[in-house]
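Read off the chains here:
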4 protein chains.
Amino acid sequence: MAGRTKQRVFEILEEGAAGDSASHFVDRMLALLVILNVGSVVLETVPAYGERYGQVFLVIELVSLFVFTVEYVLRLWTADQHGALRHLPSWLARLRYMAYPAAIVDLLAILPLYALLFFETTDLRALLLFRLVRFLKLARFSPGLASLGNAVISERRALVGSLIIIMGVVLTSATVLYIAERTIQPEAFGSIPAAMWWAIATLTTVGYGDVVPVTAFGKVVAGIVMLTGYAMFALPIGIVATAFAREIHQRDFVVTWGMVARVPLFASMSAAEIAEVMKLLRAQRVEKGAIISRAGEDAHSMYFIASGRVGVELPGRTFELSDGAFFGEIAVLKRTARSARITALSICNLLALDAADLHVLMDRNPTIGAHIRKVVRERIGEEIVTPGGDLTEEEIRAARTTAGDPDD
Amino acid sequence: MAGRTKQRVFEILEEGAAGDSASHFVDRMLALLVILNVGSVVLETVPAYGERYGQVFLVIELVSLFVFTVEYVLRLWTADQHGALRHLPSWLARLRYMAYPAAIVDLLAILPLYALLFFETTDLRALLLFRLVRFLKLARFSPGLASLGNAVISERRALVGSLIIIMGVVLTSATVLYIAERTIQPEAFGSIPAAMWWAIATLTTVGYGDVVPVTAFGKVVAGIVMLTGYAMFALPIGIVATAFAREIHQRDFVVTWGMVARVPLFASMSAAEIAEVMKLLRAQRVEKGAIISRAGEDAHSMYFIASGRVGVELPGRTFELSDGAFFGEIAVLKRTARSARITALSICNLLALDAADLHVLMDRNPTIGAHIRKVVRERIGEEIVTPGGDLTEEEIRAARTTAGDPDD
Amino acid sequence: MAGRTKQRVFEILEEGAAGDSASHFVDRMLALLVILNVGSVVLETVPAYGERYGQVFLVIELVSLFVFTVEYVLRLWTADQHGALRHLPSWLARLRYMAYPAAIVDLLAILPLYALLFFETTDLRALLLFRLVRFLKLARFSPGLASLGNAVISERRALVGSLIIIMGVVLTSATVLYIAERTIQPEAFGSIPAAMWWAIATLTTVGYGDVVPVTAFGKVVAGIVMLTGYAMFALPIGIVATAFAREIHQRDFVVTWGMVARVPLFASMSAAEIAEVMKLLRAQRVEKGAIISRAGEDAHSMYFIASGRVGVELPGRTFELSDGAFFGEIAVLKRTARSARITALSICNLLALDAADLHVLMDRNPTIGAHIRKVVRERIGEEIVTPGGDLTEEEIRAARTTAGDPDD
Amino acid sequence: MAGRTKQRVFEILEEGAAGDSASHFVDRMLALLVILNVGSVVLETVPAYGERYGQVFLVIELVSLFVFTVEYVLRLWTADQHGALRHLPSWLARLRYMAYPAAIVDLLAILPLYALLFFETTDLRALLLFRLVRFLKLARFSPGLASLGNAVISERRALVGSLIIIMGVVLTSATVLYIAERTIQPEAFGSIPAAMWWAIATLTTVGYGDVVPVTAFGKVVAGIVMLTGYAMFALPIGIVATAFAREIHQRDFVVTWGMVARVPLFASMSAAEIAEVMKLLRAQRVEKGAIISRAGEDAHSMYFIASGRVGVELPGRTFELSDGAFFGEIAVLKRTARSARITALSICNLLALDAADLHVLMDRNPTIGAHIRKVVRERIGEEIVTPGGDLTEEEIRAARTTAGDPDD
């Protein structure tokens, strides 16, 4: 009984399956509480608000402290449900879980406040940074953050290299300006560290303008610094952007893989063929109620449903499609505009296939080609002829048998 | 009769076929009126102009109001001509059309002004933002805007992720500076929101310079913020630029597809072959009167005419080519400079094929290779020999029959 | 006789073959004169220099005027030597040439000054912009400029689209700030055009700081403008950078093509094979005296000489290689460090082939593989064995005959 | 005996094999000394520190001078151990070595200080720039710097082209502003060089704000300069970032090549196959003690060990793997989460293979596929079935023989 409760608590807090609305709700409430909390920390420092709404901020603080404490305790209790820790004894699983980065963030977000309660002071300001650590709890809900972390880690060598280059340019330009203007502007360029303040603000193109060279020589050097500096800063931009794009791509790849396996049409393919097809498919997540295509639009791609249900509104009739079905192929194959309005009836995971890639796929895999052509014929009572790929009725029947056609 | 008028009005307002000069004219007039209108809204706020030319601005406003009202009514009247709405009863088609984003913009651009007329006030300033909504009407004429919208939508998760990262950095740096300089510069860093103003201006490299840290510790932190901030902002740049490039590419792909189908030379190819060829072709739109190639230039590519007419000026003679023909292949095959000056006699949709890709195409498709070689022979009375791809006279005759050579 | 002189003048001024030192010298002198000229225009406006060195600047001006006039007349005289104009009568060729952009720049650079001489005034300042037009003459010597022009032209639609987006954001943010701060800072935000000055400086991240919002609402709006603006400006950066990269690539492609044809080893390949090989090769231009590889370095690639001569210093002996030969293959095939120091004895056009691509090339083209293996054996008296690609002595002999081995 | 000492000194100073801890230690000490040195040069210029800690800075200076002198002498002594110089007589090897860029930096870092000692002055400030040259010594330890150098050199033409464009824009905008505001703001726009200071600060988006146009015309021109300038600066960013990415990629490629050769599984492949496989593999360097995968994580890739040892902690048992072995294939093939925790027991060079690529590899190379499947069966006592790739027991035995299975 307790085991089942624990299992359910774990599902709600950690796993969040696609259709689990309780899990979604808890996730959103926690994210909202973090934002509310960080907002109150920020506004509390404004003297006018701090005095007037001091009580409100204190209540928010105490409520958050309570909720985050309960959250932490529950996460610790259900720690032995994690796939990676399931084989361990409960106490060891919980100890191991406490060393996870996310668990450390959760602990840091509550521990110092408790310390405060015991040491009898109400100056929350001293703990400002600890209270802002809660912002990191949002990382749990954003896949983007993890990707950035991986991108920075995998390119750390290149980033250190470009940091050395930048520091070299900062040092050199600061020294030259120090030599040039140290006697004329002693307060701004009187030492190299002071001149470095100018050099960094200039090289990053921030350009506060609080410190500016005034001599002709100083201005010429500053001009060269601005021009070369601009080109140099292309390095971290290029490195981080490229690495981030690769991380996102790799993550998408894993998602797509899981979805391809759920489409029956692809079941007969070998692993190498699936790997080939995956390069053509693009995973898309569509919210409930979103319009996937409108009648009359240009047709760029067709879609396979990995999970979820869509409603198809054709001029004459309306029907539903769900897991494993596909749609949008008619406009693509006949090169006409969309004839149906298609709406997501639940959260859908779709696999989009671009127009040209569909032809390539149908040509390379006659089984799939025959199956798609057959569905089209059933749907619009018309034969789609793609040159060089026409199958006889027998071939289609053979293909139907192999592909395990669900319509028969 | 009314049906035909409606059809024509619809064509002029919405569809804009390539050669329809009335449609082009109306489009340009409407775009001009929008720009004139926005310009007058902007200038009206300048006190000197506002007083002197008040009457002029009012006239522009009233004329625009009239024109945009007529435009909206006509668009609504012809709503049932849209491919996607054609099967619906007229009243339903018009209701559905009113929910289109472009139609909402059109309505917002006129409705509040009418409200104004009835409530007897002439203070147009209160409606400034509504009057600027008209600027959005330009979106109808620019494919770039739609692509940007799609790019932002498809990457919204990654953008939200990088927004969280940026807000985290803004919060942290603002808090540290607040702690460091709150007593020294109470007006600038006296609260976290005040310090956030500095942090955002610094991280985006805007650097107004109205608020600048003055302590050594504050400057060191600010230096680190500038350096790391710079690298972080690579994220949205990379994400948006990549997504936008993909959107543009996909749009081009659909355009190219429509054009390839119009070139008879490609008629004999299978769908998979067309998909392959499309990767080699690059769609180009050329204005009437533009010079496509000058004699004596280096030859980078040959061209197929999807629609339009070009004039070919060879040293000795002059002739015209139109839909389905190709040109520029001689210089590419013989690796010499261009011998002809080629001018667009109308708006042309061209498909460009790079030099190396032409050889690949001719080798892979002997029919196309033979046809191109035959046309070259007729044009310059000389045989082009590409190693490994020579066909006999019989093969060429066979190819000619298959490709439906228009010269025979 | 005159024909030959004209031919030579044309070669010196326009064509500039790789080894023509007279042409190189004239190009450099003209570029130097342009820089000297622009420099004197710039310095002349400094009051201190303008008075003291007035005579010097006048002399530079008159000499330049004379030289650029002679240059223009000579270019016009030899206009009928251009490949594209050779078939026309001389007067027509000259008229056509006068319409070339470069010729218009040349004319603009001298004509207004002559107008000045006739209208008796010595105020050269009135002609400042015309005198700076000479800077455009440098475009003739820089391939980068032409590529930028092509990039901007081919992406003009996308650029106009992003300009509309940016203008929309500028308009909206300026209007909101105008509404928010028009009464508080009337001199800075008293009209929309005034507020647009702030909006552009902020969105481009220039951030002069001469105009800054002071109200809380104004600062919040400005913060949003900075953050969204930053992401928006990714558009032109992405568009121009991508298009420029493509232009550069295409130009390189044409250069490589011309060079591949000069390497005898590739003579036996079909056009499609050459197109395939070209994707592997990278054209490099090396100045006379440059060290191409040092002994002991890691070996990344081997090189084919399209034109020029290199000196090979092996531990024991020294020899020269010239057009059509290749080097650097031993370290690549044996996966060792370089054993020879290789220096360019003249300006060299090289084709670099990366290590892995060499293996691919040798496997796909057994003839080339056999030839390279044979040369290696002759050079180091040792057999290079690449698995799956070993040929017998007979095959090598056959290959040698086909490839037209220059050593036999 | 001396030869062996020299060999060892050379190894420690220059080569730094993967496991050589003495070499690592010396490298780190030297890098630390450089940073300490540069830091003391920078802090010495701060009047407060300069006076108080003058003695400390002098001691650091003298110690560094001594260490760097010893380092230079030792490097010179062991110069004839370099692969590239080994065949030369010692004195010639040393002379050649002195011309290496790294050796010149080493000499510049000490020579001027000695000059100082002899000419009896203690004003170290006069030698500031020479003392900062030591920062360049860090270049020896960062591969990023060499890549940047190569990137800049290989794209120097494009960079010069974009520099000309930028200078043209700077010149034009400075001249227009000079004409517009020279009489109103004579101190800021009184000459073209003065106006260029404004133009550069604006075009690079630094925007100090010390000089700002005040007339309406000047502001309009400045607005256009900001907008066009922004797009133009995309050029150097694009050029440098692209070239740097290519350099890094090429360097990685050479590293991967060297590692693939050490994995016995790939020994039976032909060179062309290895080149193909290398495109799938990603080289990774892992520090000692790092966790490579945790149990319960999603499985993105499997790993081959090129060198080093890893510890595998499975629920039931623990074992070690070393050079040539592979791991992580089970979760990838069964599409489950990781079941083992894997830690690096020494510095490891790994080759990562993405999930989809593994299937492609196993399908294309039945030998490799059979071997991997066999290892999996031994490890988990279960058969992995990949559709279309099942081998009989005989085939596996055959494959085992060919691949030289180390387990038999």
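Residues numbered from 1 in each chain as written. Chains lettered and ligands numbered in written order. Predicted model: local features only at pLDDT ≥ 70, side-chain atom pairs only at ≥ 80, totals over all residues. Heavy atoms only, no water.

We apply this condition: UniProt positions are given in the numbering used here, feature names are shortened, and annotations may be inferred rather than shown by experiment.
As recorded in an unreviewed UniProt entry, chain A goes by the name Voltage-gated potassium channel, listed as coming from Rhodobium gokarnense. Here is the UniProt Subcellular location (unreviewed entry) comment for chain A, exactly as written: "Membrane".

A few points about the overall build of chain A
As a reminder, the rule being used: What counts as a helix is a DSSP run of H or I of at least four residues, what counts as a strand is a run of E of at least two, and both are numbered from the N terminus. Exposed residues in this analysis have more than 50% of their type's maximum accessible area, buried residues have under 20%, and partly exposed residues fall in between, with area computed by a 1.4 Å probe over protein chains only. Throughout, a contact is declared for two residues whenever any of their heavy atoms are within 4.5 Å. Residue exposure ignores everything except the shown protein chains as possible cover, and the areas themselves are Shrake-Rupley values with a 1.4 Å probe.
Summing up its helical and strand segments, chain A has 19 helices and eight strands in all. For chain A, with 408 residues in total, the buried portion stands at 52%. A fraction of 69% describes how many contacts in chain A between residues 6 or more apart in sequence connect residues 24 or more apart. Of the roughly 18,500 Å² of accessible surface on chain A, a fraction of 63% belongs to carbon and sulfur atoms.

Thoughts on the side chain of D:S191
Relative to the helices and strands, D:S191 is located in the loop between α11 (186-189) and α12 (192-203). Given a relative accessible area of 7%, D:S191 falls into the buried group. Residues within four places of D:S191 in sequence aside, it is in contact with C:T45, C:V46, C:P47 and D:Y178.

Thoughts on the packing of aromatic side chains
Each aromatic ring pair is described using two quantities: the centre-to-centre distance and the angle formed by the ring planes. Residues and elements named next belong to chain D. To keep things clear, this is the line we draw: Pairing of aromatic side chains here covers Phe, Tyr and the six-membered ring of Trp, requires ring centres within 6.5 Å, and sorts the geometry by plane angle: under 30 degrees stacked, over 60 edge-to-face, intermediate tilted.
For the coordinates displayed, the defined rule picks out 24 aromatic pairs over all chains. Centre to centre, the rings of Y97 and Y100 are 5.5 Å apart; their planes meet at 45 degrees, and the pair counts as tilted. For Y97, a relative accessible area of 2% corresponds to the buried category.

Points about the UniProt feature "transmembrane region" (unreviewed entry) in chain A
Taking the numbering used here, the UniProt-annotated feature "transmembrane region" (unreviewed entry) corresponds to residues 30-50, 56-77, 98-119, 158-180, 192-209 and 221-244 of chain A. In residues 30-50 of chain A, the share of helix is 90% and the share of strand is 0%. The end C-alpha atoms are 24 Å apart.

Re the pairing of strand β8 (residues 348-354) of chain D
Residues and elements named next belong to chain D. Selection rule: One bridge is not enough; two strands pair if DSSP finds at least two bridges between them.
The buried fraction of β8 is high, at seven of seven residues. Going residue by residue along β8, you find C348, L350, A352 and D354 tucked away on one face and N349, L351 and L353 tucked away on the opposite face as well. Judged from the six bridges that link them, strand β1 (residues 281-286) and β8 form a sheet pairing that is antiparallel. Residue pairing across strands places L281 opposite L353, the latter belonging to β8. With six bridges joining them, strand β3 (residues 301-307) and β8 adopt antiparallel strand pairing. Across the sheet, the residue bridging to F304 is L351, located in β8.

A few points about unusual backbone geometry
We note that A:T205 has phi near 60 degrees; this positive angle belongs to a residue other than glycine. By the element assignment, A:T205 lies in the loop between α12 (192-203) and α13 (216-232).

Notes on the sheet that holds strand β3 (residues 301-307) of chain B
Strand order in the open sheet made by the four strands is β1-β8-β3-β6 (chain B), with antiparallel pairing throughout. Looking at which strands have only one partner, the edges of the open sheet turn out to be β1 (281-286) and β6 (326-327) of chain B.

Some words on the confidence of the model for chain A
All names here are of chain A. Spelled out, the test is: Residue-level confidence of the predictor, termed pLDDT, takes values from 0 up to 100.
Summing up the model confidence of chain A, the mean pLDDT is 76 and the portion of residues at 70 or higher is 74%. A low-confidence stretch, residues 384-408 (pLDDT under 50), is modelled with 38 contacts involving residues beyond four sequence positions or located in other chains. For this predicted complex, the interface confidence reaches an ipTM of 0.71, while the overall pTM sits at 0.74.

Regarding helix α2 (residues 21-44) of chain A
Applied cut-off: In this scheme, a helix's expected span is set at 1.5 Å multiplied by one less than its residue total.
Taking 1.5 Å per residue as the helical rise, α2(A) with its 24 residues ought to reach 34 Å, and the 34 Å between its terminal C-alpha atoms agrees with that figure. Considered for burial, the residues of α2(A) that qualify are A:S23, A:L30, A:A31, A:L33, A:V34, A:N37, A:V38, A:S40, A:V41, A:V42 and A:E44.

Some remarks on the packing of helix α2 (residues 21-44) of chain D against helix α4 (residues 54-77) of chain D
Residue and element names in this part refer to chain D. Filter applied, for reference: Axes, fitted as lines to C-alpha atoms, cover a helix only where it is in contact. Angles between the N-to-C directions of the axes lie from 0 to 180 degrees. Note on convention: the crossing is left-handed when the near helix lies turned anticlockwise from the far helix by less than a right angle, right-handed when the turn is clockwise. Residues are grouped as follows: nonpolar covers Ala, Val, Leu, Ile, Met, Phe, Trp, Tyr, Cys and Pro; charged covers Asp, Glu, Lys and Arg; every other residue, Gly included, is treated as polar.
Contact geometry of α2 with α4 gives a least axis separation of 10 Å together with a crossing angle of 145 degrees. The chirality of how α2 crosses α4 is left-handed. Residues L30, L33, V34, L36, N37, S40, L43 and E44 of α2 form the contact with α4, whose participating residues are F57, I60, E61, S64, V67, F68, E71 and R75. In the contact of α2 with α4, the residues fall into nine nonpolar, three polar and four charged.

A word on the pattern of salt bridges
Short version of the rule: By convention in these notes, a salt bridge is any Lys or Arg side-chain nitrogen within 4 Å of a carboxyl oxygen on Asp or Glu.
According to the stated counting rule, one finds 47 salt bridges over all chains in the structure shown. Measuring nitrogen to oxygen at the nearest pair gives 3.0 Å for the salt bridge that ties B:K6 to B:D80. Remark: B:D80 occurs in the loop between α4 (54-77) and α5 (90-98) and B:K6 occurs in helix α1 (residues 2-15); sequence separation between them is 74 residues. Neither B:K6 nor B:D80 differs from the other in exposure class; each is buried. Salt bridges sharing common partners tie together A:E44, A:E61, A:R131 and A:R134.

Topic: the environment of D:I380
Residue and element names in this part refer to chain D. Residue placement: I380 occurs in helix α18 (residues 366-380). The exposure class assigned to I380 is partly exposed, which follows from its relative accessible area of 32%. When sequence neighbours within four positions are dropped, the list of residues in contact with I380 reads I330 and K334.

Points about α18(D)
With 15 residues, α18(D) ought to run about 21 Å at 1.5 Å a step, and its terminal C-alpha atoms sit 21 Å apart, in line with that. D:I368, D:G369, D:A370, D:H371, D:I372, D:R373, D:K374, D:V375 and D:V376 are the residues of α18(D) that are buried.

Some words on the environment of A:L113
Residue position: A:L113 is located in helix α7 (residues 111-118). Between the C-alpha atom of A:L113 and that of A:A290, which follows or precedes it by 177 residues, the distance is 44 Å.

Thoughts on the sheet that holds strand β6 (residues 326-327) of chain D
Pairing in this open sheet of four strands is antiparallel, and the strands run β1-β8-β3-β6 (chain D) from one edge to the other. Two strands bound the open sheet, and with one partner strand each, they are β1 and β6 of chain D.

Focus: a nonpolar patch on the surface
In plain terms, the rule: Nonpolar side chains (Val, Leu, Ile, Met, Phe, Trp, Tyr) are joined into patches within 5 Å and like charges within 9 Å, using only residues with over 30% relative accessible area and no salt bridge.
Judged by side-chain polarity, A:L43, A:Y49, A:Y53 and A:V56 come together as a nonpolar surface patch covering roughly 340 Å² of accessible area. Within the element layout of this structure, A:L43 appears in helix α2.

Re the environment of A:D323
Residues and elements named next belong to chain A. Note the threshold: In the analysis that follows, any N or O atom pair within 3.5 Å is treated as a polar contact, provided that within protein one partner can donate a hydrogen and the other can accept it, and provided that, for residues neighboring in sequence, both atoms belong to side chains.
Relative to the helices and strands, D323 is located in the loop between β5 (318-321) and β6 (326-327). On a C-alpha basis, the gap between D323 and R28 in space is 27 Å, while along the polypeptide they are 295 residues apart. In this view, D323 contacts I305, A306, S307 and G308; residues no more than four positions away in its chain are not counted. A distance of 3.0 Å separates a polar atom in the side chain of D323 from the backbone nitrogen of G308.

Overview of the side chain of D:D106
Residue and element names in this part refer to chain D. Note that D106 resides in helix α6 (residues 101-108). There is a polar contact of 3.0 Å between the side chain of D106 and the side chain of K137. Setting aside residues no more than four positions away along its own chain, D106 makes contact with E71, Y72, R75, K137 and R140.

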